[in-house]
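# Descriptive analysis of the structure
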Amino acid sequence: MTYKPPRRPQFFYTTAPLPCPYVLGRIERKVVTEITGPDADALHDRLSRAGFRRSHNIAYAPVCPACSACVPIRIVADAFTPDRGQRRVLRANEAVEGFEVPARATAEQFALFQRYQQARHGDGDMASMSFYDYRAMVEDTPIETQMIELRDREDVLVGACLADRLGDGLSAVYSYFAPELHAQSLGTYTILWLVDRARALGLPYVYLGYWVPESRKMAYKARFRPSEILAGGAWRRLTDADVTDRSARTGTLLVPETAE
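Predicted model only: the values in this text are computed from it and were never measured. (Residues numbered from 1 in each chain as written. Predicted model: local features only at pLDDT ≥ 70, side-chain atom pairs only at ≥ 80, totals over all residues. Heavy atoms only, no water.)

A separate point is the packing of helix H3 (residues 107–120) against helix H4 (residues 131–139). Contact geometry for H3 and H4: axes closest at 11 Å, N-to-C directions at 105°. Classified by the angle between their axes, H3 and H4 sit roughly perpendicular to one another. Of the residues in H4, those in contact with Ala107, Gln109, Phe110 and Phe113 of H3 are Phe131, Tyr134 and Met137. Each residue belonging to the contact of H3 with H4 can be placed in one class, and the counts come to 6 nonpolar, 1 polar and no charged. (Axes fitted to C-alpha atoms, helices over the stretch in contact; angles between N-to-C directions. Helix = DSSP H or I, 4+ residues; strand = E, 2+ residues; numbered from the N terminus. Parallel < 35°, antiparallel > 145°, perpendicular 65-115°, else oblique. Contact = heavy atoms within 4.5 Å. Nonpolar A, V, L, I, M, F, W, Y, C, P; charged D, E, K, R; others polar.)

Printed below as a string of structure tokens:
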């Protein structure tokens, strides 16, 4: 008879209330749990399907009192068709090529990351990150993770995306790009690249984190269709009525060019 050690219990904790980074005047709380051990990949898969996101070796999900603004969203890769604006983005970036590289921080990446933070999020906490902080963000991962590097014809790094490999898709953890190339919509291009890569790998989804219609930074995710949202504990197709209803209630316009 083979002895099987008992499975370690999975503990979940709730964070203290903090100001919401997406909707002014609201309070954010998260439920968090550690991703660790030999079953880390399987645990991360289950948590991702339940609407959690990863940072370092922690998975988190919003549990904000009286607020459900953050909606987990994923693109259905096989069925996805770029719209007119997204086709224009693809044409604008014909000279850009994406490469999968190991999740290792480099000085070149960090220099671009700093430029992006100063230009787009100069008053945020990430703008003051040191190289060691950045390296931890990239390399402290208990699961299969890669960095996607976007390079132009001169081999100059113009964008990057930290992406996790899931059993049923790719998950965009964090992306950034050269701020002076804002007209090329490299944030949108990164997502289109991930959709193509998911198809090539035979993976059905690209996880985008949270769609937040009330946030101008996060409303753009509904532009990638077809997509699914997690509602009532089950994934279902995002409909035009979902977008219209939430936009009408919040007065938020969808904007295409911002990345997490």
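From this point, the narrative continues.
Our next topic: the sheet that holds strand E8 (residues 97–102). Spatially, the 8 strands line up as an open sheet ordered E8-E9-E10-E11-E12-E7-E13-E14, and their pairing is mixed. Two strands lie at the open edges of the sheet, namely E8 and strand E14 (234–237), each paired on one side alone. Direction aside, the axes of adjacent strands within the sheet are offset by 35° on average. In this fold H3 packs onto strand E9 (145–151), strand E10 (157–165) and strand E11 (169–177), with an angle of close to 70° to the strand it touches most, E11. Lying on the sheet, helix H5 (residues 186–200) is in contact with strand E7 (71–76), E8, E9, E10, E11 and strand E12 (205–211); it crosses E11 at an angle near 155°. (Pairing = 2+ DSSP bridges.)

A word on the nonpolar core. Nonpolar side chains in soluble globular proteins generally cluster together in the buried interior. Counting residues in each nonpolar core, the largest one holds 51 residues, and the members touching the most others are Tyr134, Tyr176 and Leu194. Only E7, H3, H4, E9, E10, E11, H5 and E12 provide two or more residues apiece to this core. Broken down by element, this core gets its largest block of residues, 8 residues, from H5. If we ignore the near neighbours within four places in the chain, the residues touching Tyr134 are Ala105, Thr106, Gln109, Phe110, Phe113, Met129, Met147 and Tyr176. Listed in part, the 17 residues of the second largest apolar core include Val31, Ala40, Ala69 and Ile143. (Core = buried A, V, L, I, M, F, W, Y, C linked by side-chain atoms within 4.5 Å. Buried < 20%, exposed > 50% of the residue type's maximum accessible area, 1.4 Å probe, protein only.)

On the surface, Arg84, Arg87, Arg88 and Arg91 cluster together into a positively charged patch. Along the chain, Arg84 falls in helix H2 (residues 84–92). (Patch = residues over 30% accessible without salt bridge, like charges linked within 9 Å, V, L, I, M, F, W, Y side chains within 5 Å. Areas by Shrake-Rupley, 256 points an atom, 1.4 Å probe, with all protein chains shown as cover. Salt bridge = Lys/Arg side-chain N within 4 Å of Asp/Glu carboxyl O. Lys, Arg positive; Asp, Glu negative; His and termini not counted. Charge placed at Lys NZ, Arg CZ, Asp CG, Glu CD.)

Relative to the elements of secondary structure, Tyr22 occurs in the loop between strand E2 (18–19) and strand E3 (27–28). Separated by 10 residues in the primary sequence, Tyr22 and Val32 have C-alpha atoms spaced 19 Å apart.

We now examine the packing of aromatic side chains. Counted according to the given criterion, the structure contains 14 aromatic pairs. Seen from their ring centres, Phe113 and Tyr134 are 5.0 Å apart, and the 45° between their planes marks the pair as tilted. One end of the pair, Phe113, is in helix H3; the other, Tyr134, is in helix H4, with 21 residues separating them in the sequence. Tyr134 carries the same exposure label as Phe113, and that label is buried. These aromatic residues form a ring-pair network of at least three members: Phe110, Phe113, Tyr116, Phe131, Tyr132, Tyr134, Tyr174, Tyr176 and Phe177. Seen from the ring of Tyr205, Arg74 lies directly overhead, with NZ or CZ sitting 3.6 Å from the centre. (Phe/Tyr/Trp six-rings, centres within 6.5 Å; stacked < 30°, edge-to-face > 60°. Lys NZ or Arg CZ within 6 Å of the ring centre and 35° of its normal.)

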